[in-house]
Amino acid sequence: MLKIIVPTMMLIPLTWLSKPSMIWINTTAYSMLISLIGLTYLNQFTDNNLNFSLLFFTDSLSAPLLVLTTWLLPLMLMASQHHLSKETLTRKKLYITMLVTLQLLLIMTFTATELIMFYILFEATLMPTLIIITRWGNQTERLNAGLYFLFYTLVGSLPLLIALLWLQSNLGTLNLLVIQYWTQPLLSSWSNTLLWLACMMAFMVKMPLYGLHLWLPKAHVEAPIAGSMVLAAVLLKLGGYGMMRITILLNPLTDFMAYPFMMLSLWGMIMTSSICLRQTDLKSLIAYSSVSHMALVIVAVLIQSPWSYMGATALMIAHGLTSSMLFCLANSNYERIHSRTMILARGLQTLLPLMAAWWLLASLTNLALPPTINLVGELFVVMASFSWSNITIILMGINITITALYSLYMLITTQRGKYTHHVKNIKPSFTRENSLMALHLLPLLLLSLNPKVILGPIY
Amino acid sequence: MNLFTSSILVTLFMLTLPIMMANTSMYINKLYPRYVKTTISYAFMISLIPTMMFLHLGQDTMISNWHWITIQTMKLSLSFKFDYFSMIFVPVALFVTWSIMEFSIWYMHSDPYINRFFKYLLLFLITMMILVTANNMFQLFIGWEGVGIMSFLLIGWWYGRTDANTAALQAILYNRIGDVGFIMAMAWFLTNLNTWDLQQIFMANHENLNIPLIGLLLAATGKSAQFGLHPWLPSAMEGPTPVSALLHSSTMVVAGVFLLIRFHPLMEHNKTLQTITLCLGAITTLFTAICALTQNDIKKIVAFSTSSQLGLMIVTIGINQPYLAFLHICTHAFFKAMLFMCSGSIIHSLNDEQDIRKMGGLFKALPFTTTSLIVGSLALTGMPFLTGFYSKDLIIETANTSYTNAWALLMTLVATSMTAAYSTRIMFFTLLGQPRFSPIITINENDPHLINSIKRLLFGSIFAGFLISYNITPTTTPQMTMPHYLKMMALIVTILGFILALELNLMMQNLKFKYPSGLFKFSNMLGYFPTIIHRLMPKTNLLMGQKSASTLLDMTWMEKILPKSISHFQMKSSIAVSNQKGLIKLYFMSFMLTLTLSLLTLSFHG
C-alpha cells in the first residue's frame, strides 16, 4: 500500500520544487504513473482480499473505487489548468497540494481496515474539499455552498462516531475483516433503530439521499472544475462504499428499516430527474442528475441482494467517470462562453465538431446506452428492484425515460441548433481538453468489454 | 455447413470494414460513399449463399463465441442465431440498403458531411443486423437501443433546424417508453427463468407470461409506432429522405414487429395478449390510414401508410400468424423504400417542395419516377401478382377466415380500403392533371445513381414477393377453402377504395373549398393526438418539475426545514439567552453603582 501512498505524498514536494513551467506536466505525469500502479489491484485472485498491512487492505469492492480515485487526479490536474492560469504561482502550487492531499486521504479511506480509521479519514476529506470549494470557486455563493456542504455532512456523520464507539465497546473490534464474523444480529428495538440510523445517515447524506441533497447542487455548482469532478466522481461514492461496508453489521434490521429510505430514493430520483428537465444551468443539471443516479445506488444497496450489490458497484464506477466527464465538458463550455447558462452555448457543434462528439458520447453513456457499464449497472439495479417488488418497475421506467430525455435535452441545447453571434470568435478545442475527454471515455469503453472487474465482491 | 457459418460471418464482418476505415485517409476521400455502397452490395451477394443453403436445407444455426461475462448462474456470451427469420431478413435488408445507399449518393451529393452520413447509415445497418441475429436478450437490447440512437442522429441530421431536433428527441422519447417494456421483460425473465438466452426462454412454462409479454408488446409499440406511441414516425420525416427510406420503411420500425415474431413461441398460447395485440394493431392501422387521407405532405402520407402497414403486421401477429407477418415485413421493405425514394426524387426535382397540392402533371416530366411510384402504390395496395399481393392478400384472407375479434377485423378491412384511397390521392395529385409547381425547371431524374437504385427496387417490388413466397418452406397451413366473397374481399375493398378516391378527387377538384368539417379536421390534425399529448403532457410534467419538485420542495421546503430553520433557531435562541444587550450606559452605571456602594460600605465598615 505504501507504494501508492508514499509516491502520492511525494507529489507535494514535487509540486513545490518544480520549475514554474513544469508544475502541471510533472504532477500530471507522475500522478498518471501512480494510477497505473493501482491497476494491478483490479486483479483479485480469490474471493478474499489483499491485505497490505494491519491498517490497509483492499478487496474487489474497494479496488475499483481506489483505481477510480487514482485515475482521477491526473484528470483533475489537466482540467484545472486553464481555470488557474491567471493565479500566482504559489496559489497554483497550493491548489495542487490540496488536490494531492485530498487524493491521499481518499486512497487511505478506501483501503482502511479499521472502521474508526475509515471514519476519521472520511471526515478528513472534508477539509481539502472545503478549501477547494470556498477558496477557488467562482462566485460569492461558494461560501454558502461550503457552509451547506460542511454542515450537512458533519451533522450526518457525528452520530456515526458515537455508534462506532458503542460498537467498539460492545464487539471489541472495528476491524472490517474480523467484524463480519463477530457481529450479532440486530433485533428490532428502539435503541437498535437509532443505531441503524446513526450508522446509515452519515452515508445517506453523503450519497445523497433525496431530502438531504441540498448541499450537493450548491457544492457542485460553486466548486471549481476539479472540485466538481472529485465530488461527483469519488466523494459521493464514499457514501455508497460506506453503506455497503456497514450494512453487514446491521442485519436483519435493514430489511425493515430500508422501506422509508427506499421510498424516498425511488420518489426522489423521479423528482430530481424532473428538476433536471427544467434546469437552465448546465452544472446544476449535471449535479441533479448525479442525485438521481445515486438514488439508484441507495436503492440497490438497501435491497441487499447479490445482483443489486453488483449493480450498485458498477453504477458507482460508471457514474463516476460519466459525471466527471460531463463536468469537464461543461467547464470547457464555461471557459469559452463564460456562462453556465445552456441557452447561451447553442449550436456549438458547428464550431467545435470534435467536442460535439465527446458531448454525444458522454450523453449517451449518461443515459445508459448498451453495452456501456452504465447500462450494466442500471440494468442490474432495475433487475434487483424488480425482483424485490414488481411495482418499482413503473418508477424505474419513468426515471429511465426522463434520464434519456434530459441527457439529450442537454445535448441538443448545447450542441444543436443555430449558433449565437457571441460565440463566433471562441477558441478551438485544445489537445489538453480532447485528451481529457478521451481519458474519461476510454476506461468506460474498456470496462464495457470486461465489466466483471467492477462488479464488486459478490461476483 | 462450414460455408454456411463462414459466409454469414463474412457478410457481417464486411459491414464493419468501412467503419474501421473511418480512421484512415479513406474517410477523407470523396469516394467513401461509393466504397460503403459497394461493400453493402458485396455483403448482400455473399449473404445470398447462406440464405440459399438455408432455403435448400432448412437448418437453423446458432453461433456462440466470446464469453462476455458469467454472473452467478447466468452466462452471457456473444451469440448469433441464424434461423428462418434472420436468414431471410438479412439479404432483404441488405438489398434495400444497397439501393438506398446508392440513392443517397445522389440525394446527399451537396452535403459537406456526406461521408459522416454514410457512416451513420452503415452504423445503423450494423445495429439492425445485431438486432435480427441476436440470440440473447442482452445482445438484442444492444441492437434495439443502437437503432434508436442512430435514428436520433439521423433524424436530427440537419441539426440547425429546430424541427429536426424536436423530431429526433420525440423519436428517442417514444422509443424509450418502449424500452421500459423491454427492460421489464428482461427483468422478468431474469427473475423467473434466470436466463436471457432465447432457446431457454422459449422452454418456459406457458402459464402466467402476461407480464413479460406486455413488456414486449410495449416495446414493440414504441419501436413500431403503434397507436399511443405513434406520433414520432410522421415527425421523423424531418430527416433526410434516405433516412426515411431506410429507417422508417424497412428496418427500424419493423424491429418491434420482429421482436414479437421472435418471441412468438411464448405468445402463441396466450389468448389475452393476442387479443390485445390484435386490437392494438387494428386501431393503429385504421387510425393512421385515416390520418393519411388528408395529409398534404407527400412524405407524411407515405409515413402514415408505413404506420398503417405496421398495424397490419401487428394484426397478423394478433391472429397468430407470425410467419405471415414476417413475410409482409420482407415484401413491404421493397415497395415502401421505393415509395420513399420516389418521393425523394420528386422533392429534389421540385426544389424541396413536399406539398402534393403544388405538384401535378409529373408523369410527363418524370416518367421513370412516375412508373415506379405507380408500381409501388399498386404493390402497397395489394394488386395481384405484385410483391405486396403475396403477403397482404394472405393476411386479409386469414383474417377473414379466422374466428377471432370481428370488430378488429372489420377495422382492418376498412383500413385496407383506405390504403387504396390515399395511394390514389398521391398519384392523382402528383402525377396527373396540370402542373402546379413553379416553372423554374430543375427537374432531372437522369442520374444513374437515382435510376439504378430505384430500378433495382422496382424489380424487387414486382418480383420479390413471388420469389420469396415461392422459395420459402411453408410454415403454417394456409386456409384452403373459403367462400368466394371472402376470397375476393381484399381485392374488392381495394378496388372500391381506388374508385371511390378517384371519383371523389375528380369531382372535388374544381369545387370551391368549403370550410373544413369536423371529420376532416380530425383526420388532418392527426386525431388531435399531438395537440393533446405533445402540449398537455409535457406542460404538466415540466410544470410539475418546476413548481413542485424544484420550487416547492427543493427551494422552499427543504431549505426551510433543515438549514434555514436551524440557523434561524440558533440565532433566535442565542439572542434570547445571551445577557449582553449592548446597553453600554447601563453597564457602566451598574459598574459605578457597585463600585461606589462597595467603597462606601468598606469605608464605613472600617
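Calculation notes
Each chain has its residues counted from 1, running along the sequence as written. Going through the entries in the order they are written, you letter the chains from A and number the ligands from 1. Totals for whole chains, interfaces and linings use all residues, but because this is a predicted model, local features are given only for residues with pLDDT of at least 70 and pairs of side-chain atoms are given and counted only at 80 or more. Excluded from the side-chain calculation are hydrogens and water; included are all heavy atoms of the structure. UniProt positions are given in the numbering used here, feature names are shortened, and annotations may be inferred rather than shown by experiment. The numbering of helices and of strands both runs from the N terminus, where a helix is a DSSP run of H or I of at least 4 residues and a strand a run of E of at least 2. To get the radius of gyration, use the C-alpha atoms; to get the globule rule, take the number of residues to the power 0.38 and multiply by 2.2 Å. Type-normalised accessible area, obtained with a 1.4 Å probe on protein chains alone, sets the label of each residue: buried when under 20%, exposed when over 50%, and partly exposed for intermediate values. Only heavy atoms matter for contacts: two residues are in contact if any of them lie within 4.5 Å across the pair. Among buried residues, those of type Ala, Val, Leu, Ile, Met, Phe, Trp, Tyr and Cys that are joined through side-chain atoms within 4.5 Å constitute a nonpolar core. Only the contacting stretch of a helix is used when fitting its axis, a line to C-alpha atoms as for every element, and angles between N-to-C directions run 0 to 180 degrees. To sort the angles, those under 35 degrees are grouped as roughly parallel, those over 145 as roughly antiparallel, those from 65 to 115 as roughly perpendicular, and the leftovers as oblique. In a left-handed crossing the near helix is turned counterclockwise from the far helix by less than a right angle, and in a right-handed crossing that turn is clockwise. Here the nonpolar group is Ala, Val, Leu, Ile, Met, Phe, Trp, Tyr, Cys and Pro; Asp, Glu, Lys and Arg are the charged ones; every other residue, Gly included, is treated as polar. Within this document, salt bridges are pairs made up of a side-chain nitrogen of Lys or Arg and a carboxyl oxygen of Asp or Glu, the two lying within 4 Å of each other. A quick way to say it: buried area is the sum, across both parts, of accessible area lost when two parts are put together, with a 1.4 Å probe. Pairing of N or O atoms within 3.5 Å defines a polar contact, subject to two protein rules: one partner must be a possible hydrogen donor and the other a possible acceptor, and residues neighboring in sequence count only if both atoms are side-chain atoms.

If you check an unreviewed UniProt entry, chain B appears there as NADH-ubiquinone oxidoreductase chain 5 from Martes zibellina. Its UniProt record, at the heading Sequence similarities (unreviewed entry), says of chain B: "Belongs to the complex I subunit 5 family." In its Catalytic activity (unreviewed entry) section, UniProt records this for chain B: "a ubiquinone + NADH + 5 H(+)(in) = a ubiquinol + NAD(+) + 4 H(+)(out)".

Per an unreviewed UniProt entry, chain A is named NADH-ubiquinone oxidoreductase chain 4, and its organism is Martes zibellina.

A.B. asks: Looking at this structure, how should I read the overall build of chain B?
C.D. replies: On a plain count of helices and strands, chain B comes out with 24 helices and two strands. Computed over its C-alpha atoms, the radius of gyration of chain B comes to 32 Å, more than 25% above the 25 Å expected for a compact globule of 606 residues. Principal axes of the C-alpha set define a box for chain B whose edges measure 140 × 70 × 60 Å. Considering chain B as a whole, with its 606 residues, one finds that 57% of them fall into the buried category. Long-range contacts, defined here as pairs at least 24 residues apart, represent 81% of the contacts in chain B between residues at least 6 apart.

A.B. asks: How should the nonpolar core be read in this particular structure?
C.D. replies: Note on soluble globular proteins: their nonpolar side chains tend to be buried together. Grouped together as the largest cluster of nonpolar side chains are 375 residues, with contacts concentrated most on Trp215 and Leu302 of chain A together with Met137, Trp196, Phe263 and Phe326 of chain B. A per-element tally of this core places helix H3 (residues 84-107) of chain B first, with 18 residues. Those residues in contact with Met137 of chain B that lie beyond four places of it in its chain are Phe182, Ala185, Met186, Phe189, Trp196, Leu198, Ile201, Leu216 and Phe263 of chain B.

A.B. asks: Whenever I open this one, the packing of helix H17 (residues 367-381) of chain B against helix H18 (residues 387-401) of chain B confuses me. Can you help?
C.D. replies: When two helices pack together, their arrangement is given by the angle between the helix axes and by the axis-to-axis distance. All names here are of chain B. Across the interface, H17 lies against H18 with an axial gap of 7 Å and an inter-helix angle of 15°. When the interaxial angle is binned, H17 and H18 end up roughly parallel. As H17 runs across H18, the sense of the crossing is right-handed. Counted together, Ala379, Leu380 and Thr381 of H17 and Thr387, Gly388, Phe389 and Lys392 of H18 form the full contact between these two elements. Residue composition of the contact of H17 with H18, grouped by class: three nonpolar, three polar and one charged.

A.B. asks: What's the story with the side chain of Asn434 of chain A in this structure? I'm lost.
C.D. replies: One can find Asn434 of chain A in helix H19 (residues 431-449). With sequence-adjacent residues up to four places away left out, Asn434 of chain A is seen in contact with Leu354, Met355, Trp358 and Ser429 of chain A.

A.B. asks: What is the right way to look at the pattern of salt bridges in this model?
C.D. replies: Between side chains of opposite charge, a pair can form when the charged atoms approach closely. Residue and element names in this part refer to chain A. Applying the stated criterion across every chain yields a total of 13 salt bridges over all chains. Arg336 serves as the salt-bridge partner of Glu433, at 2.9 Å between the closest nitrogen and oxygen. With Glu433 in helix H19 and Arg336 in helix H14 (residues 306-337), this pair connects stretches of sequence that are 97 residues apart. The two residues Glu433 and Arg336 agree in class, both being buried. Within this structure, Glu87, Arg91 and Arg135 form a network of salt bridges that share partners.

A.B. asks: Teacher, can you tell me more about the interface of chain A and chain B here?
C.D. replies: With 56 residues of chain A in contact, the opposing surface of chain B contributes 49 residues. Taking both partners together, chain A and chain B bury about 4,600 Å²; carbon and sulfur atoms supply 74% of that area. Together, Arg278, Trp307 and Arg416 of chain A form the three largest contributors to the area buried by chain A at its contact with chain B, with a combined 13%. The interface formed by chain A and chain B holds one salt bridge in total. Close ionic contact of Glu559 of chain B with Lys218 of chain A constitutes a salt bridge, the shortest N to O distance being 2.9 Å. At the junction of chain A with chain B, the criterion picks out 11 residue pairs in polar contact (both at pLDDT 80 or more). Of all elements in the fold, only helix H7 (141-171), helix H12 (253-277), H14, helix H15 (348-351), helix H16 (353-366), helix H17 (373-388), helix H18 (392-415) and H19 of chain A reach the threshold of two or more residues within the side of chain A that touches chain B. If one sorts the elements of the side of chain A that touches chain B by residue count, H18 of chain A sits on top with 11 residues. Split into classes, the residues belonging to the side of chain A that touches chain B amount to 39 nonpolar, 12 polar and five charged.

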